[in-house]
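Here is what each chain is made of, one letter per residue.
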Amino acid sequence: MNLVVLGAHCGDAEIQAGAIAHKYAKAGHRVTFVHLTAGEKGNPPGISIEEYREQKIRESERAAAVLGVETITLDYRDAELTFNDEIVTRVATLMRELKPKTVITHWENSIHPDHALCAQIVLAAQLKTGLPGFDLDGLPAHFYNYFHSENWEDMEGYVPDIFVDVSEEFDTYLKALSQYWFVMNSKSFRYYDYYQALCTVRGCVNRTKYAQTLKYPTGLNVRKGPAIPGFDL
């Protein structure tokens, strides 16, 4: 089975679901990080935006190698994402190529416009990927389900539905995060400390050492049937 973690910027997929991704990669599944942009506008002093874009792509490749996953960075510009048919079609075409069973992406509410748009793009692309009436480079239609994951900028209304034990994957996850300059050196937010602590807290609730969480899309956590799920009559 194929898993795609789709983030707005290089680094988002890794911090949100890197440990989950590594868990599935270890189990033999194909896992791909897709970054819509490099996240280059947060360039450090003395480094141009274009130089930082190239640096972040290299960092994403190193992080992917640590986690045992593939990585793709599209050429959209950081903080300039727009919701339109071009980007939806491009993502839908890529999803038909990758054929994920599941996609993990940002939560729909965010203080970062790129993150919120990313969630909208994944939802719109799901429809276009799955409907055979859309001709996307001759590729067969493919339907995927998707979940949201945790990002400190996307926490408004985020209440986890799923807790995944990542205790065995956690050290590798931290090693992957450390490949990113911004994770280790940001003056505006303590990324490394935050995600180390977040996974610890989620692990406490999960009764495991560490955990990462996922959330169903709004309305899709409802289960309908003749009995209580998991408690057959």
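See the structure shown above.
About the criteria used
Residues numbered from 1 in each chain as written. Predicted model: local features only at pLDDT ≥ 70, side-chain atom pairs only at ≥ 80, totals over all residues. Heavy atoms only, no water. Phe/Tyr/Trp six-rings, centres within 6.5 Å; stacked < 30°, edge-to-face > 60°. Helix = DSSP H or I, 4+ residues; strand = E, 2+ residues; numbered from the N terminus. Buried < 20%, exposed > 50% of the residue type's maximum accessible area, 1.4 Å probe, protein only. Core = buried A, V, L, I, M, F, W, Y, C linked by side-chain atoms within 4.5 Å. Contact = heavy atoms within 4.5 Å. Expected span 1.5 Å × (residues − 1). Arc of directions from axis to C-beta. 1 Å grid on protein atoms, 1.4 Å probe; cavity = no way out; pocket = protein on both sides within 12 Å on 5 of 7 lines; lining within 4 Å. Points joined across faces, edges and corners; volume = space filled by probe spheres on them. Nonpolar A, V, L, I, M, F, W, Y, C, P; charged D, E, K, R; others polar.

What is the right way to look at the packing of aromatic side chains in this model?
How two aromatic rings sit relative to each other is given by the distance of their centres and the angle of their planes. As enumerated under the stated definition, the model contains twelve aromatic pairs in all. A ring pair is formed by tryptophan 152 and phenylalanine 189, whose centres lie 3.9 Å apart and whose planes are at 10°; its orientation type is stacked. Here the residue tryptophan 152 occupies a position in the loop between strand 5 (145-149) and strand 6 (162-165), and phenylalanine 189 occupies one in the loop between helix 6 (181-185) and helix 7 (191-206), the gap between them amounting to 37 residues. Owing to a relative accessible area of 26%, tryptophan 152 belongs among the partly exposed residues under this scheme. Ring geometry for tyrosine 194 and tyrosine 195: centres 4.9 Å apart, planes at 80°, overall edge-to-face. Classification of tyrosine 194 by relative accessible area gives partly exposed; the value is 27%.

How should the nonpolar core be read in this particular structure?
Side chains of nonpolar character tend, in soluble globular proteins, to be buried together. Judged by nonpolar contacts, the single largest core of 38 residues is most densely connected at Val69 and Tyr173. Of all the elements in the fold, those that place two or more residues in this core are strand 1 (2-9), helix 1 (12-26), strand 2 (30-37), helix 2 (49-67), helix 5 (170-177), helix 6 and helix 7. Not counting residues up to four positions away in its chain, the partners in contact with tyrosine 173 are Glu14, Ile15, Gly18, Ala19, Leu67, Tyr195, Cys199 and Gln212. Ranked by size, the runner-up nonpolar core spans 24 residues in total, among them Val4, Met95, Ile121 and Leu136.

Help me out: how do you make sense of helix 2 in this one?
Residue pairs spaced three or four apart in an α-helix point in one direction, given the helix's 3.6 residues per turn. Under the 1.5 Å per step criterion, the end-to-end length of helix 2 is 27 Å for 19 residues, consistent within 8% with the ideal 27 Å. Listing the buried residues of helix 2 in full gives Tyr52, Arg53, Gln55, Lys56, Ile57, Glu59, Ser60, Ala63, Ala64 and Leu67. The secondary structure elements touched by the buried residues of helix 2 are helix 1, strand 2, strand 3 (70-76), helix 5 and helix 6. Directly beyond the C-terminal end of helix 2, a positive phi value near 75° is found at glycine 68.

Would you explain helix 5 in this entry?
The complete set of buried residues in helix 5 reads Phe170, Tyr173, Leu174, Ala176 and Leu177. The buried residues of helix 5 all sit within an arc of 160° when viewed along its axis, so they share a single face. Projecting away from the buried face of helix 5 at angles above 90 degrees are the exposed residues Asp171 and Lys175. Buried residues along helix 5 sit against helix 1, helix 2, helix 6, helix 7 and strand 7 (211-215).

Would you explain empty space enclosed by the protein in this entry?
With a probe scaled to a water molecule rolled over the atoms, the places where space remains empty come into view. Tallied over the full model, the rule gives one cavity of 30 Å³ or more. Together, Ile15, Gln16, Glu150, Tyr195, Leu198, Cys199, Arg202, Ala211, Gln212 and Thr213 line the largest cavity. Among the secondary structure elements, those contributing two or more residues to the lining of the largest cavity are helix 1, helix 7 and strand 7. In terms of residues, the lining of the largest cavity owes the most to one element, helix 7, which gives four residues. A per-class count over the lining of the largest cavity returns five nonpolar, three polar and two charged.

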